[in-house]
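A closer look at the structure
Chain by chain, the residues run as shown.
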Amino acid sequence: MAVSQETVEQVASVSEKYKYGFVSDIEAETAPIGLSEDIVRFISAKKEEPEWLLEWRLKAYRYWLSMEEPTWAKVDYPKIDYQDIYYYSAPKTKDKPKSLDEVDPELLAVYEKLGIPLKEQEVLAGVEGAANVAVDAVFDSVSVATTFRERLEKEGVIFCPISEAVKNHPELVKKYLGSVVPYTDNFFAALNSAVFTDGSFCYIPKGVRCPMELSTYFRINAAQTGQFERTLIIADDASYVSYLEGCTAPMRDENQLHAAVVELVILDDAEIKYSTVQNWYPGDENGVGGIYNFVTKRAACRGKNAKVSWTQVETGSAITWKYPSCILQGDNSIGEFYSIAITNNLQQADTGTKMIHLGKNTSSTIISKGISAGRAQSTYRGLVRMGRKADHARNHTVCDSLLIGDKCGAHTVPYIENQSRTAKIEHEATTSKVSEEQLFYCQQRGLSEEESMALIVNGFCKEVLQKLPMEFAVEAQKLVGISLEGSVG
Amino acid sequence: MSSLTPLAQRYIDRFDTAARQLPGADNRSVSDLRRAGLEAFAALDFPHRKVEEWKFTNLTALTKPTANEGRVAPAPAPAIPDQPFEARFEMVFVNGRFSAAESRLDGLPEGISVTSLADSLGNGTVLSFPSQEKRAFLALNTAFMEDGLVLSVAEGVVLDDILVVTFRSEGDQETGRHLRNVITLAEGSSLTLLERHVGAGAYFSNPVTEVSLAADARLDHYKLQAESPEAFHLAFTDAELAERADYRNFSLSIGAKLSRNELTTRILGREAESHLNGAYLMRGSQHCDTTTLTEHRVPDTNSSQVYKGVLDDHAHGVFQGKIHIFPDAQHVAGDQLSKALLLSDYAAVDCKPELEIYADDVKCSHGATSGELDEQALFYLQSRGIPLASARKMLIEAFLADVLETVGNERVKVYFDGLSRHWLSEA
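Residues numbered from 1 in each chain as written. Chains lettered and ligands numbered in written order. Predicted model: local features only at pLDDT ≥ 70, side-chain atom pairs only at ≥ 80, totals over all residues.

With an unreviewed UniProt entry as reference, chain B is termed Fe-S cluster assembly protein SufD, source organism Sneathiella chinensis. Comment text from UniProt for chain B, heading Sequence similarities (unreviewed entry), reads "Belongs to the iron-sulfur cluster assembly SufBD family." (UniProt positions renumbered as here; feature names shortened; annotations may be inferred.)

Going by an unreviewed UniProt entry, chain A carries the name Fe-S cluster assembly protein SufB and comes from Sneathiella chinensis. According to the UniProt record, the Sequence similarities (unreviewed entry) comment for chain A is "Belongs to the iron-sulfur cluster assembly SufBD family."

Put into structure tokens, the structure is as follows:
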């Protein structure tokens, strides 16, 4: 019997599910497998780091040795063998490229394929009239290219790989590195502090509104390699920056570890908008392969009237363990957290936020939408804490979960701690399924069941999608549809 | 086991001597049960704050009393008024033992059997107890239980009146009082129970209540926790519900220096429902913890929870509630609401409303709020000529009114209403 056209289309659509799953054959230089003090020294030497940073890494490593891997999150995975991972892998280059033209064309091709043009004049995703975006491209353990550097320098904005910042701006790095997430913070932060290889560094000087969006694109390519990047963004008084983060990885049967740390420092009247579309390889429908994503992200609103906004769309990774947090220290500072977490097949996500209110009149908003399909488990875990001095602090939390299918789970674990009489906290959460009526209505208008589901889910997520910068919103909306493919019927 | 808390160590050291004097000492199955309880307890010790379920409640004052020596304790909350409650049927326990002299149980309808646990253990009645893994206070209770209420209601029997059980503690006592109540309602029976915990002095009360409702049974279970302001009250209630059973629990907590009211409801039969409500009024340095777990193990079941707290001075309130819906338990509705009112700059509340859901065709929600009295409402009342103090009182009463409304029994409602008004008038 001949294969029908429908089957062909179906197969095509299934293989399109994770279109970033290709492997690029790029010669890499790696450190010996495993983790030891020597590896930490090796990484530090590779990066030509000053003594103080090596000492810091070693302290973190020694501290990490004394820690135990946390088990409180509602995720289930086989024990990670930390000696079976390459902690350093970098594409081989003869000399360090001086400009974009000198970057290995093969690397550029990879990013071209991912839809991230590393050419300065081009505009992302073909959206006309959209602003330029400066991109720092991190490939496995190192940053391979950073665009629009000169343009940014004119404004005084520093945007470069963190390894360069260590050399060129040691005073800033030394002052802020580890000040928001100390290496003693948690197991994965300690590990990251010991072995982080690259990441982005960004400093926005006083009163500057960053002329374009900054973006880092993370790509894991090499097999058996962990990615440990560290991002540090400092918004000085009355400055503003919008920062985007994207990530993908090849499809592989093995699990790969990604343990990043992101630190944001926001001073008086400054604002950082941080958006993430997390699309690491999620594993196949039987849960084979996928990235273990253990990330510590935290923002410190140090100054008065500081504002930070986290927006995340989590569709990838086999395991997600991520709690972007805000420490609202300065009076009147504002923290926001908008999140969509979509889990399908055997994915597990334990994600949420922490809002620590310390200053007066601080306010925070949490909007979290969790969607579970297939046999996935998704958990919202969040903390809202009002300190004794947080007079008139406000928090409003909404977390909604949507279940698609009867084999998945959705969980909500909020912690609410109030020590301030004048603080007001409101928390609401609901869990429900997509109603038959909504589905029926869409279908009788001529949409297929899958299209209907995508439409309804997009509506469910709208509040969060609207917070994303335009280029990301388009991508995220598509991702929502793709991630749920195969979850109905 | 070298690092046990001093109190746990004292319990373990005392066990052999104590077990010989406790009821049921001659009965092999009872002593085996006690031994198992002690072993479970020894493995657990008293929970500390690193234990997730005890994150918000610090038991150091109980388990390491010497740690607090030399510290000037804040003034204890005023003693609880001994408000009368006219009861035709009352069972009284004094210092953990049944007092026949003070109890009035004559005239209970046929089919309602009320006895003391000490008698049941003594005459060899075999009781089955829930698993005590992870619950140190349940295990401790099993090892040292000495008395309690054993109530069983026969098929179809309905008590029109209220059965009151009063647990009174008098005077200081170093070791705890471990009461064990076993309540069984047969098919189609119905009962209203008011459990009162009162006392004076410094003591440690550790009551465990097991409730089992057969098909179509209904229990209205009220609890007043008005222990002495120097006392510790750590209570655990476990209820299991068969088809169409209806369990309603309301707890009013105003006493104790440190208290925890832990409730587990296991809904095992279709169309069964559980409603847990309560109010806690705390001042001084009182600490009150309400922890609930509602398990929906089968489809077509309902549950609801509403807890409200008023916290003054240095008082600390805790609410931890969890709704757990098992796989395939479809068509379940579960709601949960926790509200706390902070009246002082030093009062605090911690809240953890949790949902764990493994079925898709369910509707679950939870809400939690905390804050001070609404300034606009206060201003409005004052603008109408009502003095600030009265206006505050009115608003607090209104805040509590909608949870007190859920008390179905009119007499209990009037009683609880009176107690909360009295509490407010002492501010």
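Considerations on the UniProt feature "domain: SUF system FeS cluster assembly SufBD N-terminal" (unreviewed entry) in chain A
Summarizing the sequence annotation, UniProt attributes the feature "domain: SUF system FeS cluster assembly SufBD N-terminal" (unreviewed entry) to residues 153–210 of chain A in the numbering used throughout. Spanning residues 153–210 of chain A, this segment combines 45% helix with 16% strand, and its end C-alpha atoms are found 11 Å apart. (Helix = DSSP H or I, 4+ residues; strand = E, 2+ residues; numbered from the N terminus.)

Quick notes on the packing of helix H7 (residues 388–404) of chain B against helix H8 (residues 410–425) of chain B
All names here are of chain B. Contact geometry of H7 with H8 gives a least axis separation of 11 Å together with a crossing angle of 155 degrees. Taken together, H7 and H8 sit at an angle that is classed as roughly antiparallel. In this structure, H7 crosses over H8, and the sense of that crossing is right-handed. Mapping the contact onto sequence places Lys393, Ile396, Glu397, Leu400 and Leu404 in H7 and Lys413, Phe416, Asp417, Ser420 and Leu424 in H8. Tallied by class, the residues present in the contact of H7 with H8 amount to five nonpolar, one polar and four charged. (Axes fitted to C-alpha atoms, helices over the stretch in contact; angles between N-to-C directions. Parallel < 35°, antiparallel > 145°, perpendicular 65-115°, else oblique. Left-handed = near helix turned anticlockwise from the far one by under 90°. Contact = placed C-beta atoms within 7 Å. Nonpolar A, V, L, I, M, F, W, Y, C, P; charged D, E, K, R; others polar.)

Focus: the pairing of strand S19 (residues 348–357) of chain B
In terms of burial, S19(B) is a largely internal element, 10 of the 10 residues being buried. Of the two faces of S19(B), the one carrying Ala348(B), Asp350(B), Lys352(B), Glu354(B) and Glu356(B) and the one carrying Val349(B), Cys351(B), Pro353(B), Leu355(B) and Ile357(B) are both buried. Where strand S23 (residues 409–418) of chain A lies against S19(B), six bridges are found, and the strand directions are antiparallel. Residue pairing in the sheet places Asn418(A) in a bridge with Val349(B) of S19(B). Taken together, the 10 bridges between strand S17 (residues 316–325) of chain B and S19(B) define a ladder with parallel strand orientation. Among the inter-strand pairings, Phe319(B) is bridged to a residue of S19(B), identified as Cys351(B). (Buried ≥ 20, exposed ≤ 12 C-beta atoms within 10 Å, placed from the backbone. Pairing = 2+ DSSP bridges.)

With respect to the interface of chain A and chain B
For an interface, size is often stated in terms of accessible area lost upon the parts coming together. Taken together, the 29 residues of chain A in the interface contact 30 residues of chain B. The set of elements that each furnish at least two residues to the side of chain A that touches chain B consists of strand S22 (394–404), S23 and strand S24 (424–433) of chain A. Looking at side-chain class alone, the side of chain A that touches chain B contains 11 nonpolar, 11 polar and seven charged residues.

Quick look at the nonpolar core
If you look at the biggest cluster of nonpolar residues, it comprises 248 residues, and the most contacted ones within it are Leu264(A), Ile266(A), Ile272(A) and Leu213(B). Beyond its immediate stretch of four places on either side in the chain, Leu213(B) contacts Leu185(B), Leu219(B), Ala239(B), Leu241(B), Ala242(B), Ala245(B) and Tyr247(B). (Core = buried A, V, L, I, M, F, W, Y, C linked by C-beta atoms within 7 Å.)

Regarding the environment of Glu37(A)
All names here are of chain A. Tracing the backbone through its elements, the reader meets glutamate 37 in helix H2 (residues 37–46). Judged by local crowding, glutamate 37 falls into the partly exposed class, with 13 C-beta atoms found within 10 Å. For the pair glutamate 37 and proline 70, spaced 33 residues apart in the sequence, the C-alpha separation amounts to 22 Å. Filtering out sequence-adjacent residues up to four positions away, glutamate 37 remains in contact with Leu58 and Tyr61.

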